[in-house]
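Okay, here's what each chain looks like letter by letter:
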Amino acid sequence: MLNVRLEYVHPWTNHAGMYLARERGLYKDKGLDVEFTSGDFFRGDPAYLLSRGEYDIALVRLNQLLFHQQGEASLISVAVMNQCQIGGIITNKSTGITRFRDLEGKRVCIPMGVKRLYTELEQAVAKDGGDFSKVITIDPGEWEPDIRSVERGKFDAFINVAWWEPFQGSQPFDQTVTLSFDSIDVAPHHSYYVCVRREFLDRNPVLVRDFVETTVQGYAMVREDLQAGVQALQPALCHIDPEVLEASLKAVLPSWFDGDGNWGTADLDMVRSYTQWMGEHGHLSVGLDDAIRAIDNQCVTNAFLPHGGEQVPKPMSLPDVG
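Anyway, here's the lowdown on the structure attached to this text.

What counts, and at which threshold
Residues numbered from 1 in each chain as written. Predicted model: local features only at pLDDT ≥ 70, side-chain atom pairs only at ≥ 80, totals over all residues. Heavy atoms only, no water. Helix = DSSP H or I, 4+ residues; strand = E, 2+ residues; numbered from the N terminus. Rg over C-alpha atoms; globule rule 2.2 N^0.38 Å. Buried < 20%, exposed > 50% of the residue type's maximum accessible area, 1.4 Å probe, protein only. Contact = heavy atoms within 4.5 Å. Areas by Shrake-Rupley, 256 points an atom, 1.4 Å probe, with all protein chains shown as cover. Pairing = 2+ DSSP bridges. Axes fitted to C-alpha atoms, helices over the stretch in contact; angles between N-to-C directions. 1 Å grid on protein atoms, 1.4 Å probe; cavity = no way out; pocket = protein on both sides within 12 Å on 5 of 7 lines; lining within 4 Å. Points joined across faces, edges and corners; volume = space filled by probe spheres on them. Salt bridge = Lys/Arg side-chain N within 4 Å of Asp/Glu carboxyl O.

If you tally the helices and strands in the protein, you get twelve helices and ten strands. For 322 residues, the compact-globule estimate of 2.2 N^0.38 gives 20 Å, and the protein sits close to it at 20 Å. Expressed along its principal axes, the backbone C-alpha trace of the protein runs to roughly 65 × 45 × 40 Å. Looking at the protein as a whole, 52% of its 322 residues qualify as buried. Residue pairs in contact within the protein that sit at least 24 positions apart in sequence constitute 77% of those at least 6 positions apart. Summed over all atoms, the accessible surface of the protein reaches about 14100 Å², with 48% contributed by carbon and sulfur.

A word on the sheet that holds strand S1 (residues 2–5). The strand order S2-S1-S3-S10-S4 describes an open sheet built from five strands, whose pairing is mixed. Whereas interior strands pair on both sides, the edge strands pair on one side only; in this sheet they are strand S2 (34–37) and strand S4 (75–80). Neighbour to neighbour, the strand axes of the sheet diverge by 30° on average, direction disregarded. Of the strand pairs in this sheet, S4 and strand S10 (residues 193–197) are connected by five bridges, and their pairing is antiparallel. Paired with Ser-77 across the bridge in S10 is Cys-195.

A full pass over the atoms with the stated rule returns one cavity of 30 Å³ or more. By volume, the largest cavity is sized at about 40 Å³. Every residue lining the largest cavity is listed: Ile-147, Glu-151, Pro-166, Gly-169, Ser-170, Gln-171, Pro-172, Gln-175 and Thr-176.

The next thing to look at is the sheet that holds strand S9 (residues 176–180). The mixed open sheet is built from five strands, whose spatial order is S7-S6-S8-S5-S9. The outermost strands of the open sheet, each flanked by one partner alone, are strand S7 (136–138) and S9. Strand after strand, the sheet turns through a mean of 30° between neighbouring axes, direction not considered.

Before going further, it helps to examine the pairing of S9. Only one face of S9 is covered, namely the one carrying Val-177 and Leu-179; the face carrying Thr-176, Thr-178 and Ser-180 has none of its residues buried. Bridge count between strand S5 (residues 87–92) and S9: five bridges; the pairing is antiparallel. The residue bridging Gly-88 from the neighbouring strand is Ser-180, located in S9.

Time to look at the pattern of salt bridges. Counted according to the given criterion, the structure contains 13 salt bridges. Between Asp-202 and Arg-198 there is a salt bridge, with the nearest N and O atoms lying 3.3 Å from each other. Note that Asp-202 and Arg-198 are positioned in helix H7 (residues 198–203) at a spacing of four residues, about one turn of the helix. Exposure remark for Asp-202: the relative accessible area of 26% places this residue in the partly exposed category. Under the relative-accessibility criterion, Arg-198 is labelled buried at 12%. Each of the salt bridges in this network shares a partner with another, and the network as a whole consists of Arg-43, Arg-52 and Glu-54.

In structure tokens, the structure reads:
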């Protein structure tokens, strides 16, 4: 059994390529029995669970990846999920918000008070000629809102996944408004990294390559047949209207592929620039020098992608213990 821990408390459309690859038997053809798991963070986030060996593969954020760089338990990214960041401002047309500076005087919910999101929002409003001090920010605690919170008048806008939460409301999809931080060039970054433990990779390089190459095929298949992606997800998301899944898939799909149409490619220049940005604004979990050193030592690699063209990291040298 190959245990894959997804990044959120439930699967969503970003995982469609993996679910379709499993449904079509592509993993099985490689001898892989793949199980996808979601859940709360009571015992730790996916990166902690992966580092402790409770899962074989996990989807984690860059900051989490950089934090877990301790010998055999170090995490290494073998693919990325998205070529751009996942979050943005979400609202609807009734609020009159069409750009970042329109958030002046508006109530904006920032899930769990994430400080990095405050910084991104502040920079985006300022870049658009607005005054961030006039934005009313709200921390909802452990609750992560969707578009229904705007429809009910709790907030004027909120930050969350621009390819999922906008489609959870009662109004037509064309009434939603999303503002991407990437659209105003604030902290561009990959959203999630497909990671394994270093010791697992050193013991199972062929298995890891087979998983990655099969996942590449799965995402290409969703691109060719969107409805197949919807159908593959529906059993795991039986509580979600298939029209919602289709709309969300259409929104997220372009983010999967690089300029050459390949899934999974990490832009190492963007990885470094985002790491630098996090370091400059106090959002890194480790020292900036340590973070850059980890990147230079291939904690993010494209070597296991069929189009990667990079040299596979050498197995970690371990001391003999007498």
